[in-house]
Amino acid sequence: MPKYAFFKGSFVPIENAKVSIMTHAFNYGTGCFEGIRAYWNADENQLFVFRLLEHFQRLHRSCKILHIRLPYSPEELSDLLVELLRREGYREDCYIRPIAYKADEIIGVRLHNLTDEFAMFATPFGRYIEGELGARVIISPWRRVDDNAIPARAKITGSYINSALSKTAAAMAGCDEAIVLTHDGHVSEGSAENLFLVRNGKLITPPVTDDILEGITRETVMEIALAEFGLETEVRHVDRSELYTVDEAFFCGTGVQIEPIVEIDHRIIGDGAMGPITQKVYDLYFDIVRGKVAKYRHWCTPVYR
Ligand code: PMP
């Protein structure tokens, strides 16, 4: 359990970081957030936060869309996060949740003329998908939020109802996750993770115009796959039936990390286990996030002095 939170401008005991049931964001979903991971490196006695600045830059973009004014720059938010982790003193992998939200205790649906607040907590965290490695997946019976309804490019609290509907539909169908289609029927992403396919030794991922969250792990995978394995990524529309026929597929995201997909809509993907290209990306990713690859060490912010 976390001991502290950053709340209303200072670090407070977590039990004091409370909001009213009248809070705007609680009633209307008017907030945006980030999910950031920090990885424990036992050899170096160090906790490394992965791509910290990029997460806070995205938070700023989400806030812009929601008319939230953040009183801290991405650099200042990064310093606050490091300070929070130092106070917690975690010596294990953890997950950090910053959230910017409309804090007024009033009735009235809007984004303007409201008070913005920022809060953050950090908690120990393991894998996102439980059980054996390798996700069994359905196509969600729900469509992805549309850019002209609730923009998926912003990480908006309220839009996670869309993710929750898909995730629960998958669980109730006896599966681990759902892949969600756009309103016009193209493959978008998982309920809370981006998607990569492998076909003929090439990576494929849907474009940012297909209502995905512009994932930081997605960018990371494209960059390291090209630089380290010479693997190019085709960024293009994907149809549902193409999913059934690919050689390999995997989810990526801060929460899910790299998770092979072994079954989609009761069709076995590849030979039903993690494929060789997914394995290469998987191994490299976990070395990078723990600060073990010098070339990518600039992505890893050390917490302890
Ligand atoms: N899509 C959705 C809907 C998500 O919630 C997440 C998790 N933040 C991702 C993709 C992956 O994004 P990232 O790699 O930046 O964590």
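Everything numeric in this text was worked out from a predicted model, so none of it was measured.

1. Section: the domain arrangement of the protein chain
Here is step 1 of the chain: In terms of domains, the protein chain is made up of domain 1 (4-124) and domain 2 (135-289).
Here is step 2 of the chain: Contacts between domain 1 and domain 2 engage 22 residues on the former and 20 residues on the latter.
Here is step 3 of the chain: When domain 1 packs against domain 2, the two sides together hide about 1,800 Å² of surface, and 63% of this comes from carbon and sulfur.
Here is step 4 of the chain: When residues of domain 1 are sorted by the area they lose upon contact with domain 2, Phe33, Phe50 and Arg58 head the list and together hold 34% of the total.

2. Overview of helix α2 (residues 52-65)
Each α-helix turn comprises 3.6 residues. Residues three or four places apart therefore point the same way.
Here is step 1 of the chain: Between its first and last C-alpha atoms α2 spans 21 Å; for 14 residues at 1.5 Å apiece the expected length is 20 Å, and the two agree.
Here is step 2 of the chain: Every buried residue belonging to α2 is among Leu52, His55, Phe56, Arg58, Leu59, Ser62 and Cys63, and all of these are buried. In a view along the axis of α2, the buried residues occupy a sector of 155°, so they form one face of it.

3. Regarding helix α7 (residues 276-289)
Here is step 1 of the chain: Spanning 14 residues, α7 covers 20 Å between terminal C-alpha atoms, matching the ideal 20 Å at 1.5 Å per step.
Here is step 2 of the chain: By the burial criterion, the buried members of α7 are Ile277, Thr278, Val281, Tyr282, Leu284, Tyr285, Phe286, Ile288 and Val289.
Here is step 3 of the chain: Just downstream of α7 lies Gly291, where phi reads positive at about 80°.

4. Some thoughts on the packing of aromatic side chains
Here is step 1 of the chain: What the rule picks out here adds up to twelve aromatic pairs.
Here is step 2 of the chain: Aromatic pair Phe6 and Tyr72: ring centres 5.9 Å apart, planes at 75°, arrangement edge-to-face. With Phe6 in strand β1 (residues 4-7) and Tyr72 in the loop between α2 and α3 (74-88), the pair connects residues that are 66 residues apart, well separated along the chain.
Here is step 3 of the chain: The class of Phe6 is buried, set by a relative accessible area of 3%.
Here is step 4 of the chain: Measuring from centroid to centroid gives 5.3 Å for Phe196 and Phe250, while their planes differ by 10°, and the two rings are stacked. Of this pair, Phe196 sits in strand β11 (residues 194-199) while Phe250 is found in strand β14 (residues 248-253), placing the two residues 54 residues apart along the sequence.

5. Brief notes about a nonpolar patch on the surface
Here is step 1 of the chain: Taken together, the side chains of Ile21, Met22 and Phe26 define a hydrophobic patch exposed on the protein surface, amounting to about 380 Å² of accessible area.
Here is step 2 of the chain: If you trace the backbone, Ile21 turns up in the loop between β2 (10-13) and α1 (24-28).

6. Some details on the site of the ligand
Here is step 1 of the chain: The environment of the ligand is made up of 15 residues, and the closest members are Arg58, Tyr160, Glu189, Thr217 and Thr254.
Here is step 2 of the chain: At 2.6 Å, a side-chain N or O of Thr254 approaches an oxygen atom of the ligand.
Here is step 3 of the chain: The fraction of the free accessible surface of the ligand (390 Å²) that becomes covered by protein chains is 97%.

7. Some words on the packing of α2 against α3
Here is step 1 of the chain: The contact between α2 and α3 brings their axes to 9 Å, and the two run at 125°. Considered as vectors, α2 and α3 are oriented oblique to each other. Handedness of the α2/α3 crossing: right-handed. Of α3, the residues touching α2 (which contributes Leu52, Leu53, Phe56, Gln57, Leu59 and His60) are Pro74, Glu75, Leu77, Ser78, Leu81 and Val82.
Here is step 2 of the chain: When its residues are assigned to classes, the contact of α2 with α3 shows eight nonpolar, three polar and one charged.

Cut-offs applied
Residues numbered from 1 in each chain as written. Predicted model: local features only at pLDDT ≥ 70, side-chain atom pairs only at ≥ 80, totals over all residues. Heavy atoms only, no water. Domains from an automatic or database assignment. Contact = heavy atoms within 4.5 Å. Buried area = accessible area lost by both parts, 1.4 Å probe. Helix = DSSP H or I, 4+ residues; strand = E, 2+ residues; numbered from the N terminus. Expected span 1.5 Å × (residues − 1). Buried < 20%, exposed > 50% of the residue type's maximum accessible area, 1.4 Å probe, protein only. Arc of directions from axis to C-beta. Phe/Tyr/Trp six-rings, centres within 6.5 Å; stacked < 30°, edge-to-face > 60°. Patch = residues over 30% accessible without salt bridge, like charges linked within 9 Å, V, L, I, M, F, W, Y side chains within 5 Å. Areas by Shrake-Rupley, 256 points an atom, 1.4 Å probe, with all protein chains shown as cover. Salt bridge = Lys/Arg side-chain N within 4 Å of Asp/Glu carboxyl O. Near = heavy atom within 4 Å. Polar contact = N/O pair within 3.5 Å; in protein donor to acceptor, adjacent residues only side chain to side chain. Axes fitted to C-alpha atoms, helices over the stretch in contact; angles between N-to-C directions. Parallel < 35°, antiparallel > 145°, perpendicular 65-115°, else oblique. Left-handed = near helix turned anticlockwise from the far one by under 90°. Nonpolar A, V, L, I, M, F, W, Y, C, P; charged D, E, K, R; others polar.

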